[in-house]
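The residues making up each chain are set out below.
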Amino acid sequence: MIRIFFQRNKCIGCNACVEAAPNRWRVSHKDGRCTLVEGEARRGGQLFIARVGEDEREANEQAARNCPAGIIRIEG
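Residues numbered from 1 in each chain as written. Predicted model: local features only at pLDDT ≥ 70, side-chain atom pairs only at ≥ 80, totals over all residues. Heavy atoms only, no water.

The subject of this paragraph is the overall build of the protein. Counting its secondary structure elements, the protein contains two helices and six strands. Taking 2.2 N^0.38 as the reference for a compact globule, 76 residues should give roughly 11 Å; the C-alpha atoms of the protein span a radius of gyration of 11 Å, in line with that estimate. Dimensions of the protein, computed from the C-alpha atoms along their principal axes, are close to 30 × 25 × 20 Å. When contacts within the protein are restricted to residue pairs at least 6 apart in sequence, those whose partners lie at least 24 apart make up 57%. Approximately 4600 Å² of the protein is accessible, and the part contributed by carbon and sulfur atoms is 44%. Seen as two clouds, the 13 positive and the 10 negative side-chain charges of the protein have centres 8 Å apart. (Helix = DSSP H or I, 4+ residues; strand = E, 2+ residues; numbered from the N terminus. Rg over C-alpha atoms; globule rule 2.2 N^0.38 Å. Contact = heavy atoms within 4.5 Å. Areas by Shrake-Rupley, 256 points an atom, 1.4 Å probe, with all protein chains shown as cover. Lys, Arg positive; Asp, Glu negative; His and termini not counted. Charge placed at Lys NZ, Arg CZ, Asp CG, Glu CD.)

And the structure:
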């Protein structure tokens, strides 16, 4: 099990995470920022955390590496 941490309030909407892990990331049509699918909101909606299986590690580590804003962190 890994945890994905995402600081949505700092997202620039570049879509790099969606390209790397399309099953876990989406672009919001409301504000153009990316959304962590099944992410739990923390800190008033500024931080989102999702617990996912090992099978998603590689794609989400790639999403974190691709993020130009550096706002995705993988732990576990």
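Strand order in the open sheet formed by four strands is E4-E5-E1-E6, with antiparallel pairing between adjacent strands. For this open sheet the edge positions go to strand E4 (40-42) and strand E6 (72-75), each flanked by a neighbour on one side alone. Each neighbouring strand pair of the sheet contributes to a mean axis angle of 25°, computed without reference to strand direction. One ladder, built from four bridges, connects strand E1 (residues 2-7) with E6; its direction is antiparallel. Within E6, the position partnered with Ile4 by the bridge is Ile74. In the packing of helix H2 (residues 57-66) onto the sheet, the strands contacted are E1 and E6, and the crossing angle to E6 comes to about 145°. (Pairing = 2+ DSSP bridges. Axes fitted to C-alpha atoms, helices over the stretch in contact; angles between N-to-C directions.)

Taken as a whole and assessed by the stated rule, the structure comprises zero disulfides. In this model Cys17 remains outside any disulfide bridge; the closest cysteine sulfur is found in Cys34, 3.6 Å from its own. (Disulfide = S-S within 2.5 Å.)

Another aspect to go through is the pairing of E1. Note that E1 and strand E5 (residues 47-52) share six bridges and pair antiparallel. Paired with Phe5 across the bridge in E5 is Ile49.

What follows covers the side chain of Arg8. Following the sequence through the fold, Arg8 ends up in the loop between E1 and helix H1 (16-20). Its relative accessible area of 15% is what places Arg8 among the buried residues. Of the polar contacts made by the side chain of Arg8, one reaches the side chain of Asp31; its length is 2.9 Å. Not counting residues within four places of it along the chain, the set of residues in contact with Arg8 comprises Ser28, Asp31, Arg33, Cys34, Thr35, Gln46 and Phe48. (Buried < 20%, exposed > 50% of the residue type's maximum accessible area, 1.4 Å probe, protein only. Polar contact = N/O pair within 3.5 Å; in protein donor to acceptor, adjacent residues only side chain to side chain.)

These figures come from the coordinates and say nothing about function on their own.
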